[in-house]
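# Structural features, examined
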Amino acid sequence: MFCKATLLAVALALVATASPVNTDFDPATPVTGVRIPIQKRGSLTNTDGTFNHDRTTRQIVKLKNKHRQNLINLEKNVGRSAFSEGAEIKPLATVPAALEKRAGVALTDQNGDVEWTGKITIGSPAQSFVVDFDTGSSDLWVPLSSCTTCGSHAKYNPSKSSQSSKKSGTFSISYGDKSTASGTPYTDTVTVGGVSVTGQYLAAVTKESSEFQTDPPDGLLGLAFPAISNLGHDPFFFTAVDQGTASKGVFSFKLDQTGSELYIGGTNSAHYTGAIEYHDVSSSSGFWQISGASVLVGGKKVASGFDTIIDSGTTLMYAPASAAKTFWASVKGSKVYDSSQGLYEFPCSSVPTVAFTWGGKTWSISADDMNLGQVSSGSSMCVGALSGGDLGLGSNVWLLGDTLMKNVYTVFSVDDNAVGFAQLK
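Residues numbered from 1 in each chain as written. Predicted model: local features only at pLDDT ≥ 70, side-chain atom pairs only at ≥ 80, totals over all residues. Heavy atoms only, no water.

## Side note on the overall build of the protein chain
The helix and strand tally for the protein chain stands at eight helices and 26 strands. Out of the 425 residues in the protein chain, the part that is buried amounts to 58%. Considering only intrachain contacts with a sequence separation of at least 6, the fraction spanning at least 24 residues in the protein chain is 72%. (Helix = DSSP H or I, 4+ residues; strand = E, 2+ residues; numbered from the N terminus. Buried < 20%, exposed > 50% of the residue type's maximum accessible area, 1.4 Å probe, protein only. Contact = heavy atoms within 4.5 Å.)

Written out as structure tokens, the structure reads:
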């Protein structure tokens, strides 16, 4: 288990040494990493091009509660001194009553949240699972063999692994349907691609929320920092770095409709061109959080000086309510679509040209990724991928999901505590 005092000291040291832009890393340095193919599961846009409001609402509720739990974990592991300014643990978000009433009806892809999934194995001999790779959380969890509420998901049987060891404690996370996923901690051998670690802490879930029972992935593998671990132990990649099984303390993502991958142990130069622009982690909050961001609409800066958390576990971009209001005020013809979820609509014929910068290059968001679909079939209005509200992460903190990541090659360096961006090929 990591030490609270050590976590805080290291985190504060990182903040003290953070620089706005760091391009000292040599992207041409040969690194032998491991490629893990991943794929997108679900979409916030229906096949007819209309916006899936129900699914998006569920994702927002799930997102709020994920980061609520992260803050609870951070307070337990490190203390409130690690919170960003204005951060607070919010009440549990719930699915709106009208939508909850429809949950009992067999709707197509009702729980088809957008996730980037790939295969891992646990145990010796290996047991296979499909998991969501999430840079916005830090724990690995899969269903236990005795779980009766885990649907048709693959289930972990510790008795069939020679390396499995049951540990004391519990694992529990609350979700928006007023239920929880809970279970028991174990340690076992975990392999992602060709990278294997021993004694990895994981949660074997004995009770699964209805939000997950019909979700495509079997579980989740968190890739954020130890500070927000519910289990109170190092996440998989940190264990791999510590045990020396990752060739380098770097992992990276290419997200696209085809050919998407998680690359462990470096970067895959087949997917990007030019130098990687790195930005040091700016917070002790346990997230991949970088500072000094600005957003441009139509080439004009509409907000600046904010922090951003890079979270592969969500599609949306999420800004504080006032910042989102300012952003959409700069888009001609835009208006509020759903005030309860902070969603906005705009004329489909003029998708806003949006880009982010952290003091170096400008990284543009494609029109396809900014547009989540028509508000209804035949409508001239479309829903935008940037929503507004209070996730509790801080008064000046934005969260950027795969709406950004699909437009850049994204690199996460544990070695240098930095997030990097490069131009996709």
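## Thoughts on the packing of aromatic side chains
Counted according to the given criterion, the structure contains 19 aromatic pairs. By way of ring pairs, the aromatic residues Phe 225, Phe 237, Phe 238, Phe 251, Phe 253, Trp 288 and Phe 412 are connected into one cluster. (Phe/Tyr/Trp six-rings, centres within 6.5 Å; stacked < 30°, edge-to-face > 60°.)

## A word on the pairing of strand E11 (residues 250-254)
Along E11, five of the five residues are buried, which leaves the element largely enclosed by surrounding structure. Burial along E11 is two-sided: the residues Val 250, Ser 252 and Lys 254 and Phe 251 and Phe 253 are all buried. Across four bridges, the pairing between E11 and strand E25 (residues 409-413) is antiparallel. Bridged to Phe 253 within E25 is Thr 410. As paired strands, E11 and strand E12 (residues 261-264) are joined by four bridges and run antiparallel to one another. (Pairing = 2+ DSSP bridges.)

## What about the environment of Gln 59?
Checked against the element boundaries, Gln 59 lands in helix H2 (residues 53-77). Its relative accessible area of 4% is what places Gln 59 among the buried residues. The spatial distance from the C-alpha of Gln 59 to the C-alpha of Gly 313 is 9.9 Å, given a sequence separation of 254 residues.

## Thoughts on the sheet that holds strand E23 (residues 386-388)
Pairing is mixed across the open sheet formed by seven strands, whose spatial order is E20-E19-E14-E15-E24-E16-E23. Every interior strand has two partners, whereas the edge strands, strand E20 (362-365) and E23, have only one. When strand polarity is set aside, the average angle formed by the axes of neighbouring strands in this sheet is 35°. Across the face of the sheet, helix H6 (residues 321-329) comes into contact with strand E14 (289-297), strand E15 (300-310), strand E16 (317-319), strand E19 (354-357), E23 and strand E24 (397-400) while running at roughly 135° to E23. (Axes fitted to C-alpha atoms, helices over the stretch in contact; angles between N-to-C directions.)

## Description of the nonpolar core
Judged by nonpolar contacts, the single largest core of 92 residues is most densely connected at Phe 133, Phe 253 and Phe 356. In this structure Phe 253 touches Ile 38, Phe 133, Thr 135, Leu 223, Glu 261, Leu 262, Ser 312, Met 405, Val 408, Tyr 409, Thr 410 and Phe 412, once residues within four positions along its chain are discounted. Counting 10 residues, the second-largest nonpolar core is a separate cluster that includes Val 250, Val 411, Ala 418 and Ala 422. (Core = buried A, V, L, I, M, F, W, Y, C linked by side-chain atoms within 4.5 Å.)

## Details of the pattern of salt bridges
Inspection of the entire model under this criterion finds eight salt bridges. A salt bridge links Asp 311 to Lys 66, with the nearest nitrogen and oxygen atoms 2.9 Å apart. Residue Asp 311 is found in the loop between E15 and E16, and its partner Lys 66 is found in helix H2; the two are separated by 245 residues along the sequence. Look at Asp 311 and you get buried, because its relative accessible area is 0%. The buried category is assigned to Lys 66, whose relative accessible area is 16%. Beyond isolated ion pairs, a larger network of salt bridges with shared partners links Lys 66, Asp 134 and Asp 311. (Salt bridge = Lys/Arg side-chain N within 4 Å of Asp/Glu carboxyl O.)

Spatial relationships are all this shows, so hold off on functional conclusions.
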